[in-house]
Amino acid sequence: MTTRRLRIDHIGLQASLQDFGRFGYLAQGVTRGGPLDESAFLWGNRLLANPPRAAQLEILMGQFRATFLADTAIAVCGAEVSVEVDGRTCPLWQSIAVKAGQQLSIGMASAGLRVYLAIAGGFQATAQLGSVSTVSREHLGGLQQNGESLQAGDEIDFAAAPQATVGRRIGWAYRPQYQQTPTIGLLPGYQYEQFSDSARALLVAHEYQLQQDSNRMGIRLQGPAIAIDQQQHGLLSEGLAIGALQVPPDGQPIVMMHDRQTLGGYPKLGFVNPLDLSLLAQRRPGQTIRFHWQQLSTVTQQVRRFYRFFGITAPY
Amino acid sequence: MNIQCQRAAINAWLLVLDNRIAVDVSERVHAVNQAVRELGTFIMETSPAYASILVYFDIRRVNAEAVRDELMDCATRVLGASLQNKALQNSDEVKPARQHEVPVCYGYGEHDLAAVAEHCGLSVAEVIEYHQQTTYRVYALGFAPGFAYLGELDERIRIPRLATPRAKVPAGSVAIAEAQTAIYPIASPGGWRILGRTPMPLFDPAAQPMCPLQPGDEVRFVAIDEQRFEQWLLEVNP
C-alpha cells in the first residue's frame with residue numbers, strides 16, 4: 001500500500017497546518033485559530049470537492065517545496081506565487097493532478113502574504129479539542145500537537161480521497177486582487193456609542209499602515225490616533241470577537257484575528273466585515289488599508305450568501 | 001446598571017449585565033450564561049467574563065434583532081427570579097463552590113517579589129503572607145487556555161502591571177496585577193508581577209477536566225519550598 005503523504009523539503013518563513021479552527025472552547029480560554037484568509041481556504045477545498053473544513057497548509061510568503069509520496073490532486077489559492085510541479089508551471093486557484101514522486105515548488109509571493117495549499121481529502125493529523133489548527137501561543141495543534149509550525153523533513157498524511165475533478169478553476173471575476181490598497185468594511189459595535197463623531201470619522205478619512213508586529217493574533221495599524229474618552233479606560237475584560245477593532249491608549253487600532261486572546265479590556269469601536277478579514281490577512285507590514293463604514297443589513301446578506309455557498313455555518 | 005446588548009460581530013452579541021468585579025455579579029453572569037446556552041440550537045457558543053457574556057448565534061437561521069430580544073428577555077427573567085426570592089442561593093441547582101488549594105513556591109525562578117514589596121512598603125515575607133490569606137474566587141477563564149482571573153487581592157499588595165511586558169512568562173507562574181491574581185497555565189508573554197511558581201498543571205487538553213479551575217470555584221494559595229516544588233513536578237511529569 002502506498003503511503004499517502006507529503007514530505008516537506010523546504011520552508012521559507014513559516015508554514016502551519018490549519019483546518020477551519022477549534023470551536024466550542026472559548027469559555028475555557030481556547031481561541032479559534034484557523035485560516036486567516038477564509039476565502040482562499042474555502043475555495044481551495046471547494047475546487048477539490050473536499051469538506052469545507054478539511055485541513056490545508058497556510059504558507060507565509062511562499063518559498064515552499066514538497067514531494068508527493070502518492071498520487072493526488074492539489075489546489076493552491078491565496079497570495080500570488082509561481083507554482084511548479086516538477087518544473088511544469090501550474091495555475092493558481094485551480095485543481096491540479098500530481099503523481100507520486102513529483103515535487104511541488106511554490107515561489108516567493110509577488111502580491112499578498114498567505115498561500116493556501118489544499119490537497120484532495122485534506123491533510124490528516126491528530127486533532128486536539130476537535131481541530132488540528134496550529135496556535136503557537138496556546139501550544140495546540142499542528143503535526144506534533146504542540147502548536148509548532150511545520151519544518152523541512154516533516155511528512156504529513158493526506159486522506160484517501162475519491163477522485164477529485166482536476167482542472168476546476170475559479171473565474172477571474174471571483175479572484176481577489178492583492179496589489180491595490182483594499183477598502184475594508186467596518187460596522188458599529190461594542191463601545192461605538194462612547195467614541196466621538198470625530199473619532200468615527202477619522203478612521204475612514206485616512207489610510208492606515210500595517211505595523212511590523214502584526215501577526216495571527218492581531219493586525220496592528222498605524223495612522224492618525226483615535227481619541228479615547230477618559231471613562232473608557234476602566235473597561236472590564238470582556239469577550240473579544242474575531243474582527244473586533246480595539247483601540248488601546250495610544251489610539252493605534254488593532255484588528256483582532258483568529259489567534260486572538262479570548263478576553264480583552266481595551267475599548268472597541270466596532271468590528272470588521274468578516275468577509276473583508278480575508279483581504280486584510282493578505283496585506284503585508286508596511287502596506288496600507290482604507291476603512292469605510294457599512295450597513296449591518298447589507299453585510300448580513302453578504303455573509304449569509306457567502307457561507308451558504310460554501311455550505312458552512314458562519315464561524316464563531 | 002441596566003442590562004445592555006452591544007453588537008460584537010455580524011453573528012455575535014455582547015450581553016452586558018454590570019460594570020463591576022464582584023461575587024454577586026459573577027454569580028449572575030453564570031446563571032444567565034447557563035440559561036442562554038439552553039435557549040436553543042441557534043446559540044453557537046458563549047464566552048462569559050466578569051460582568052458580560054459574548055454570545056455567538058447562527059446568522060444563517062436567525063435574525064440578530066430577534067436574538068437580542070431573546071437574550072434581553074432571558075437575562076431579565078433569570079435576574080428577576082434571583083432578586084425576588086433569592087432562589088439562587090437556596091435552590092438545589094446551585095452547588096457550593098468547589099475549593100482548590102494551589103501550592104506555590106514563592107520566589108522561584110525570575111520574580112518581582114522585591115519590586116512588589118518596595119512598591120507596597122512591605123517586607124517580602126509580608127507580601128507572601130498577604131497573598132495566601134485571601135480565599136479567591138475564579139471570575140473568568142480567558143486570555144489564554146485555562147488562565148483563571150482570581151479576585152480580589154488584599155489591598156495592601158496591589159500594584160500596576162509592568163510598563164513593558166515580559167516576552168516570556170514561564171508556565172505555572174503565579175502573578176498579580178491591580179486587584180487580581182492569576183496563574184499562567186502555559187508559557188506566554190505577560191505583564192503581571194510574578195510572585196512564584198506552582199507545579200500544579202492548569203491546562204491539559206488531554207485531561208478531564210481540561211482546566212481544573214472553573215468560574216465560581218474558590219482558590220487558596222499555600223506556600224511550599226523548592227524541594228517540595230521539584231518533587232511535585234516529577235510526580236506530575238514522571
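This text goes with the structure placed above it.
Since this is a predicted model, take the numbers as computed values, not measurements.

Quick question: what am I supposed to make of the pairing of strand S1 (residues 5-11) of chain A here?
Both faces of the sheet carry side chains from a regular strand, because those side chains alternate between them. Residue and element names in this part refer to chain A. Here S1 pairs with strand S12 (residues 155-158) via 3 bridges, running antiparallel. Bridged to Leu6 within S12 is Ile156. The sheet contact formed by S1 and strand S4 (residues 62-68) spans 5 bridges and is antiparallel. The residue of S4 that forms the bridge with Arg7 is Thr67.

I'm lost on the pairing of strand S13 (residues 183-188) of chain A in this one. Help?
All names here are of chain A. In terms of strand pairing, S13 meets strand S21 (residues 288-293) through 4 bridges, oriented parallel. When the bridges of S21 are listed, Leu186 appears paired with Trp293. Sheet topology note: the S13/strand S20 (residues 268-272) ladder contains 3 bridges and is antiparallel. Residue pairing across strands places Leu187 opposite Phe271, the latter belonging to S20.

Whenever I open this one, helix H1 (residues 38-47) of chain A confuses me. Can you help?
Since the α-helix advances by 3.6 residues per turn, residues separated by three or four positions end up pointing in the same direction. Residue and element names in this part refer to chain A. Within H1, 9 of the 10 residues are buried, which leaves it mostly tucked inside the rest of the structure. Residues Glu38, Ser39, Ala40, Phe41, Leu42, Trp43, Gly44, Asn45 and Leu47 constitute the buried set of H1. For H1, the capping residue at the N-terminal end is Asp37, with a side-chain oxygen 3.1 Å from the backbone nitrogen of Ser39. Among the residues trailing H1, Ala49 stands out with phi positive, at a value near 60 degrees.

What is the right way to look at the interface of chain B and chain A in this model?
When the parts come together, some accessible area is lost, and that loss is often what is quoted as the size of the interface. Each partner contributes residues to the interface: chain B has 42 residues there, and chain A has 45 residues. Together, the buried faces of chain B and chain A total about 3500 Å²; carbon and sulfur atoms form 62% of this surface. Among the residues chain B hides against chain A, the three largest losses belong to B:Ile10, B:Glu45 and B:Arg60. Together they make up 20% of the total. Across the chain B-chain A interface, the total number found is 0 salt bridges. Counting across the interface, chain B meets chain A through 14 residue pairs in polar contact (both at pLDDT 80 or more). Within the residue set of the side of chain B that touches chain A, elements represented by two or more residues are strand S1 (4-9), strand S3 (43-48), strand S4 (52-57) and strand S6 (136-141) of chain B. When residues of the side of chain B that touches chain A are assigned to their parent elements, the largest contribution, 5 residues, is made by S3(B).

Any chance you could explain the side chain of B:Ser52 here in plain terms?
On the secondary structure map, B:Ser52 appears in strand S4. On the basis of relative accessibility, which here comes to 4%, the residue B:Ser52 falls in the buried class. Residue contacts for B:Ser52: discarding those within four places in its chain leaves A:Glu238, B:Leu14, B:Leu15, B:Val16, B:Leu17, B:Val29 and B:Ser47.

What am I meant to see in the pattern of salt bridges here?
When the charged atoms of two side chains lie near each other, side chains of opposite charge can form a pair. This model, assessed by the stated rule, comprises 22 salt bridges over all chains. Between A:Asp259 and A:Arg216 there is a salt bridge whose closest N-O contact spans 2.9 Å. Linking A:Asp259 in the loop between strand S18 (254-256) and strand S19 (263-264) with A:Arg216 in the loop between strand S14 (208-210) and strand S15 (218-222), this pair joins segments that are 43 residues apart in sequence. Residues A:Asp259 and A:Arg216 agree in their burial class; the two are buried. Across the salt bridge formed by B:Arg61 and B:Asp58, the nearest N and O atoms sit 3.9 Å from each other. Through salt bridges that share partners, A:Glu58, A:Arg114, A:Arg216 and A:Asp259 make up one connected network.

Honestly, the sheet that holds S18(A) in this entry has me stumped. Any pointers?
The strands making up a sheet associate through hydrogen bonds between their backbones, and the pairing can be parallel or antiparallel. Residues and elements named next belong to chain A. Read around the closed barrel, the 7 strands follow the order S13-S20-S17-S18-S15-S14-S21; overall the barrel is mixed. On average, adjacent strands in this sheet sit at an angle of 40 degrees to one another, irrespective of strand direction. As defined by bridge partners, strand S17 (residues 244-246) adjoins S18 across 2 bridges and the pair is classed as antiparallel. Directly across from Leu245, in S18, lies its bridge partner Val255. Against the sheet, helix H2 (residues 197-205) makes contact with S13, S14, S17, S20 and S21, and its axis sits at roughly 135 degrees relative to S21, the strand it touches most.

So what exactly am I meant to see when it comes to the nonpolar core here?
Core analysis: the largest hydrophobic core is formed by 148 residues, its most contacted members being A:Leu57, A:Phe64, A:Leu117, A:Phe123, A:Val255 and A:Phe291. Apart from the residues lying within four places of it in its own chain, the contact partners of A:Val255 are A:Met217, A:Gly218, A:Ile219, A:Leu221, A:Gly243, A:Ala244, A:Leu245, A:Val272, A:Leu277, A:Leu280 and A:Phe291. A:Leu129, B:Leu113, B:Ala117 and B:Leu202 belong to the second largest nonpolar core, which has 34 residues in total.

Mind showing me how you'd approach the packing of helix H4 (residues 113-120) of chain B against helix H5 (residues 124-133) of chain B here?
Describing two packed helices takes the angle between their axes plus the distance from one axis to the other. Residues and elements named next belong to chain B. Two numbers describe how H4 lies on H5: the axes approach to 8 Å, and their chain directions differ by 95 degrees. Between H4 and H5, the angle is such that the two are roughly perpendicular. Contacts between H4 and H5 involve Leu113, Ala114, Val116 and Ala117 from the former and Val124, Val127 and Ile128 from the latter. Looking at the contact of H4 with H5, its residues break down into 7 nonpolar, no polar and no charged.

Which parts of the structure should I look at to understand the sheet that holds S1(B)?
All names here are of chain B. Read from one edge of the open sheet, 4 strands run S1-S2-S4-S3, paired in antiparallel fashion. Every other strand in the sheet has two partners, leaving S1 and S3 as the edge strands with one partner each. On average, each strand axis in the sheet is tilted by 25 degrees relative to the strand beside it, whichever way the strands run. With 5 bridges connecting them, S3 and S4 associate as antiparallel partners. Residue pairing for S4: Ser47 is matched across the bridge by Leu54. Lying on the sheet, helix H1 (residues 23-37) is in contact with strand S2 (12-16), S3 and S4; it crosses S3 at an angle near 170 degrees.

Any chance you could explain the packing of aromatic side chains here in plain terms?
The description of an aromatic ring pair uses the distance of the two centres, along with the angle that the planes make with each other. The tally for this structure, following the rule as stated, stands at 22 aromatic pairs over all chains. Geometrically, the ring pair formed by A:Trp43 and A:Phe310 is edge-to-face, given 5.2 Å between the ring centres and 85 degrees between the ring planes. Taken together, the positions of A:Trp43 in helix H1 and A:Phe310 in the segment after helix H4 (296-309) put the pair 267 residues apart, joining distant regions of the chain. Classification of A:Trp43 as buried rests on a relative accessible area of 14%. Pairing B:Tyr149 with B:Trp192 gives two aromatic rings, centres 6.3 Å apart and planes at 65 degrees, and the pair type is edge-to-face. Of the two residues, B:Tyr149 is situated in strand S7 (residues 148-151) and B:Trp192 in the loop between strand S11 (188-190) and strand S12 (193-197); the sequence distance between them amounts to 43 residues. A relative accessible area of 6% places B:Tyr149 in the buried class. When the ring centre of B:Trp13 is taken as origin, the NZ or CZ atom of B:Arg7, which lies over that ring, is 5.2 Å away. When the ring centre of B:Tyr130 is taken as reference, the NZ or CZ atom of B:Arg156 above it lies at 3.7 Å.

Calculation rules
- Residues numbered from 1 in each chain as written.
- Chains lettered and ligands numbered in written order.
- Predicted model: local features only at pLDDT ≥ 70, side-chain atom pairs only at ≥ 80, totals over all residues.
- Heavy atoms only, no water.
- Pairing = 2+ DSSP bridges.
- Helix = DSSP H or I, 4+ residues; strand = E, 2+ residues; numbered from the N terminus.
- Buried < 20%, exposed > 50% of the residue type's maximum accessible area, 1.4 Å probe, protein only.
- Polar contact = N/O pair within 3.5 Å; in protein donor to acceptor, adjacent residues only side chain to side chain.
- Contact = heavy atoms within 4.5 Å.
- Buried area = accessible area lost by both parts, 1.4 Å probe.
- Salt bridge = Lys/Arg side-chain N within 4 Å of Asp/Glu carboxyl O.
- Axes fitted to C-alpha atoms, helices over the stretch in contact; angles between N-to-C directions.
- Core = buried A, V, L, I, M, F, W, Y, C linked by side-chain atoms within 4.5 Å.
- Parallel < 35°, antiparallel > 145°, perpendicular 65-115°, else oblique.
- Nonpolar A, V, L, I, M, F, W, Y, C, P; charged D, E, K, R; others polar.
- Phe/Tyr/Trp six-rings, centres within 6.5 Å; stacked < 30°, edge-to-face > 60°.
- Lys NZ or Arg CZ within 6 Å of the ring centre and 35° of its normal.

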